[in-house]
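Structure assessment
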Amino acid sequence: MSEVMIYLDHAATTPADPAVVKAMEPYHSEKFGNPSTIYKIGREVRAAIDEARDKIADFIGADSSEIIFTSCGTESDNLALIGSAFANENKGNHIIASSVEHHAVIEPLKFLARRGFEVTHVPVDEFGEVDPADIKKAITGKTILISVMHANNEIGTIQPVTEIGQIAKERGIIFHTDAVQTICSVPVNVDDIGANLLAISAHKFYGPKGVGALYVRKGTKMVAHIYGGEQERRRRAGTENVSGIIGMAKAIEVASGRMENDAVRIAMLRDKLIDGLLSKVEESHLNGHPTKRLPNNVNIAFRYVEGESMLLNLDAHGIYASTGSACSSATLEPSHVLLAIGLSHEVAHGSLRFTLGRSTTESQIETVIEKLPPVVERLRMMSPLYKR
Amino acid sequence: MDKNPPYSEKVMEHFRNPRNVGEIENADGVGTVGNPTCGDVMQLFIKIEGDKIADAKFKTFGCGAAIATSSMMTELVKGKTIEEAVKISNKTVAEALDGLPPIKMHCSVLAEEALQSALEDYFTKNPDKRVELPRLKKHKEPKEHKH
């Protein structure tokens, strides 16, 4: 087992920035007060949370009152979708979503379908991109909600959310976007996008796990899903994850200072990795859009071999990545995203995803380019599907 | 050291150093099971001399468990008589590997099916050699894969 770690799964999670950890610590110890209390140590924490809320709102061009703190991106998506669907069901029961949404969007939509809502999944092209015209075509007199992610976590394709937001606005339809993979990676502005609802997750941008946020545009009706105290203006009860919220705001502060430079550097390494692997391994191809792509996402299909076995080999070299193969998922189903872009099951099983981050160096990329091709070659020699 | 390995050390060993990878030309029996749609395809080749399996080789498209179970299967069958080989079940394979995670047990079932399929191929070509298969399985698609 290698001691050196080459971590290339930043889309799954990221380590918390040291400044984030430092900012959080006092809120576990001396600044432990419950922000809803009337006395000094509670009010101080309340003030700190307000400041955190302001920072996060500013970052995305929102008003502080439009930010709700949640426990994670998944909760934000659930609250957004189920909350807005239930609040607007007198207007209609039709929802439109892309076919490449994250499970945190798919599953609440399945729940809504079981409750009588009609969900239309708009297909994507071979790059995983939704055509706004297809969204428009799907709209009926009963459409109340459109959900399209800002960028896809598996294949990195950035969606035309601004055009979709415009279409939604023109028709008075609520537009939700899961921005979990884009925030702190590419610019996210709620007015540019035209979003009514936008989901954020701290542990994807070097913040702590266990905290997220939901942007809710003023005037967007939404039913709460957690009831109890008065927190978050009664839109989401529960004593706040104070240290998490402070950490999330700090992570955003750190990111705002370095996001642009990071994106340039990481995109260069991304392209080096893509070019290196595609040129050294025959019968491999890139999944997702070649240019409208997250700066850190590499997703490549390697024919005739299976993803989990590639990952195990990479693990032995200390290289951590992920795969769209069924064998590595709990459900034995291959990635729905890879199937949606037209890959056969077989090729979907042989896809690997590498997502780069702040710790990624050129030398690490060179190591992957060196180590992976022989792994693929060795597995191909073992594969009944590979004929020389 | 990995305190939480995904697989047993035996499975990892068979994965890192699979035994008997390859094909046998003019094999006496070939069994191909699984399908690429499910992400698992195993091919088992056997060579029979007298009443013994003199050689066995495999090729597999699949995860770590799939590679390990087919590798282990070739080790288990080599040198066995046909009567002994027909008794090898997926449990035999899984136990020989010191166990598999529950979600990967189907890989051991696939390895058993590969052996049954290879033997059935041999018996079809050599009807006079056919022996009673105490655990005769119908050749069916792996049932647990939903699409």
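Residues numbered from 1 in each chain as written. Chains lettered and ligands numbered in written order. Predicted model: local features only at pLDDT ≥ 70, side-chain atom pairs only at ≥ 80, totals over all residues.

**Quick look at the overall build of chain B**
Counting secondary structure elements, chain B contains 5 helices and 3 strands. Ordered by position from the N terminus, the helices and strands of chain B form the series α-β-β-β-α-α-α-α. Expressed as a percentage of the 147 residues in chain B, the buried residues total 44%. Considering only residue pairs separated by 6 or more positions, chain B has 62% of its internal contacts joining residues 24 or more positions apart. (Helix = DSSP H or I, 4+ residues; strand = E, 2+ residues; numbered from the N terminus. Buried ≥ 20, exposed ≤ 12 C-beta atoms within 10 Å, placed from the backbone. Contact = placed C-beta atoms within 7 Å.)

**Some details on the sheet that holds strand β1 (residues 29-35) of chain B**
Residue and element names in this part refer to chain B. Read across the open sheet, the 3 strands follow the order β1-β2-β3; overall the sheet is antiparallel. Taken across any chain shown, the strands that pair with only one partner, and hence form the sheet edges, are β1 and β3 (52-61). Between one strand axis and the next, the sheet turns by 15° as a mean value, whatever way the strands run. Where strand β2 (residues 40-49) and β3 come together, 9 bridges link them in antiparallel fashion. Its bridge partner being in β3, Lys47 is matched across the sheet by Asp55. Where helix α5 (residues 105-125) meets the sheet, its contacts fall on β1 and β2, and the angle it forms with β1 comes to roughly 145°. (Pairing = 2+ DSSP bridges. Axes fitted to C-alpha atoms, helices over the stretch in contact; angles between N-to-C directions.)

**A closer look at the sheet that holds strand β13 (residues 351-355) of chain A**
Residue and element names in this part refer to chain A. Reading across the sheet, the 4 strands line up as β9-β10-β13-β12 and stay open at both edges, with antiparallel pairing between neighbours. Across the chains shown, the open sheet's two edge strands, defined by having one partner strand only, are β9 (284-286) and β12 (322-323). Taken together, the 2 bridges between β12 and β13 define a ladder with antiparallel strand orientation. Among the inter-strand pairings, Thr323 is bridged to a residue of β13, identified as Leu352.

**Quick word on the nonpolar core**
Of all hydrophobic cores here, the largest spans 151 residues; its most connected members are Tyr215 and Met248 of chain A together with Leu44 and Leu115 of chain B. Per-element tally for this core: the top contributor is helix α8 (residues 242-280) of chain A, with 12 residues. When residues of this core are assigned to domains, at least three fall in each of domain 1 (6-13 + 259-382) and domain 2 (18-254) of chain A. (Core = buried A, V, L, I, M, F, W, Y, C linked by C-beta atoms within 7 Å. Domains from an automatic or database assignment.)

**Quick look at the interface of chain A and chain B**
Counting residues at the interface gives 21 residues for chain A, matched by 21 residues for chain B. Every element with two or more residues in the side of chain A that touches chain B is listed here: α9 (307-316), α11 (345-349) and α12 (362-382) of chain A. Of the residues contributing to the side of chain A that touches chain B, the split by class is 13 nonpolar, 5 polar and 3 charged. (Nonpolar A, V, L, I, M, F, W, Y, C, P; charged D, E, K, R; others polar.)

**Thoughts on unusual backbone geometry**
All names here are of chain A. Phi is positive for Glu232, which is not a glycine, with a value near 55°. Among the secondary structure elements, Glu232 is positioned in the loop between β8 (212-216) and α8. Phi at Arg234 is positive, roughly 60°, even though this residue is not glycine. For Arg234, a count of 11 C-beta atoms within 10 Å gives the class exposed.

The quantities given are spatial measurements derived from coordinates; they are silent on function.
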